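Here is what each chain is made of, one letter per residue.
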Amino acid sequence: MNERTPPRPEKATARRRIVAAGAAAPLLAALPAARAQGRWPERPIRFVVPFPPGGNSDALARTLAERLREHLGGATIVVDNRPGGTTQVGTEAVARAEPDGHTMLLAAATSFTVLPNLRKLPFELDANFEIAGGIADYIAVVAVRKGLGVKTLGEFVELARRQPGKLTWGSAGSASAGHIYGEQLKKHAGIDLLHVPFKGSADAATALVGEQIDMIIDGVGLGLARGGRAVALATFFGRRHPELPDVPAITETGVKVELPAGGWGIAFPKGTPAPILAQAGAALERALAEPDTRDRLLRASVVAVWTPPAEYRRALQSARTYHADLLQSIGMKQE
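Everything in this summary refers to the structure shown in the same document. (Residues numbered from 1 in each chain as written. Predicted model: local features only at pLDDT ≥ 70, side-chain atom pairs only at ≥ 80, totals over all residues. Heavy atoms only, no water.)

For the rest of this paragraph, the subject is the packing of aromatic side chains. Using the criterion set out here, one finds six aromatic pairs in the structure. Between F112 and F123, the ring centres sit 6.2 Å apart and the planes meet at 70°, which makes this aromatic pair edge-to-face. One end of the pair, F112, is in helix α4 (residues 109–113); the other, F123, is in the loop between α4 and α5 (125–128), with 11 residues separating them in the sequence. Overall, the relative accessible area of 4% leaves F123 in the buried class. An aromatic cluster is present here, built from Y138, Y181, F236 and W264 joined pairwise through their rings. (Phe/Tyr/Trp six-rings, centres within 6.5 Å; stacked < 30°, edge-to-face > 60°. Helix = DSSP H or I, 4+ residues; strand = E, 2+ residues; numbered from the N terminus. Buried < 20%, exposed > 50% of the residue type's maximum accessible area, 1.4 Å probe, protein only.)

Here it is, written out as structure tokens:
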């Protein structure tokens, strides 16, 4: 009977190497994802804010940047204000950035719900962005210049009816939240106002205090009213602002308006690894749950509200449809 010839030593060694390499392959394949999650961020994160300094969007971004440093292990987060085109400039910059987790966007809802209905954009929500989550809602304040001589929203509406097309309202730019809110007020109150767009909320506030315009609907109206530099008539929100307890919500004034979804989220360029998005989302959710963070944001008329990524994406898509109908009804259409 022939005995089986044992393998030569060198062949056995080669076989062991092949088996070992095969066993290690899954572990090696998992290393990039593990490294992306464990080592991120590897360098400073550029936090693009598509608004100029000084407004509530800027206050939101800088508060979050400070809190995220702690929740991301001491990461350096650099706020990069990139205003222009009613958020288009900064939003497009992030859409074109490398998807390595080191560029993120303070995503204004209007960038994806209003602008696509007004102009052809070089970016799309689904094609160019990953959503880390929704982070905040917005309490806008209807504020008028002190010299206008009105104390309530009803008085402002009556004055506007007596002077059609004469009263002005300023906003952070064409198609900004304040612009859309003003158009809603015009439509539902049956008044005619003249819109004056600025480069940001801070510029509009300066013009109001300087008596150059008559009214704004903006979060910066809170500080103006508290400082006695403007008169608050109402919040453009479903409830009163806790810092202005005597000022009614617009739903209490008799002016019936719809309140579309708005606010902000955090987005990254399309293709950003899922572990990074998950890590960023978890850090944001923790930061927004802190009482100190919530209080600081509320003073800037920002309400901290964490919304999971998929839910926030659906809300943006629904709001885009809503704004398509609204803008058409007030005569605004795509350029």
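With that settled, the discussion passes to helix α3 (residues 88–95). Among the eight residues that make up α3, seven are buried, leaving the element largely enclosed by the rest of the structure. All of the buried residues along α3 are Q88, G90, T91, E92, A93, V94 and A95. Contact partners of the buried residues in α3: β1 (45–49), β3 (103–108), α4, α5, β4 (129–138) and β10 (264–269). (Contact = heavy atoms within 4.5 Å.)

So, about the nonpolar core. F47, I135, F156 and W264 are the most contacted members of the largest nonpolar core, which totals 60 residues. Per-element tally for this core: the top contributor is helix α10 (residues 274–289), with six residues. Core analysis: the second largest hydrophobic core is formed by 23 residues, V48, V94, A107 and A267 among them. (Core = buried A, V, L, I, M, F, W, Y, C linked by side-chain atoms within 4.5 Å.)

The next subject is helix α8 (residues 201–209). Each α-helix turn comprises 3.6 residues. Residues three or four places apart therefore point the same way. Among all positions in α8, only S201, A204, A205, A207 and L208 are buried. With its buried residues spanning 160° around the axis, α8 presents them on a single face. Packing partners of the buried residues in α8 comprise β5 (140–144), β6 (168–171), β8 (215–218) and α9 (221–226). (Arc of directions from axis to C-beta.)

Turning to the side chain of T63, a few remarks are in order. Examined against the element boundaries, T63 turns out to sit in helix α2 (residues 56–71). Setting aside residues up to four positions removed in sequence, T63 forms contacts with T293, R296 and L297.

Let us now look at the environment of T272. When you line up the elements, T272 lands in the loop between β10 and α10. Taking the C-alpha atoms as reference, T272 lies 8.6 Å from F129; in sequence the two are 143 residues apart. Reaching out from T272, the side chain makes a polar contact with the backbone oxygen of P269 at a distance of 2.7 Å. (Polar contact = N/O pair within 3.5 Å; in protein donor to acceptor, adjacent residues only side chain to side chain.)

Between helix α7 (residues 177–189) and helix α12 (residues 309–329), the shortest axis-to-axis distance is 11 Å and the interhelical angle comes to 55°. With respect to each other, α7 and α12 are oriented oblique. Seen along the crossing, α7 lies across α12 with a hand that is left-handed. On the side of α7, the interface is formed by I180, Q184 and K187, while α12 contributes Y322, H323, L326, L327 and S329. Partitioned by chemical class, the residues of the contact of α7 with α12 number four nonpolar, three polar and one charged. (Axes fitted to C-alpha atoms, helices over the stretch in contact; angles between N-to-C directions. Parallel < 35°, antiparallel > 145°, perpendicular 65-115°, else oblique. Left-handed = near helix turned anticlockwise from the far one by under 90°. Nonpolar A, V, L, I, M, F, W, Y, C, P; charged D, E, K, R; others polar.)

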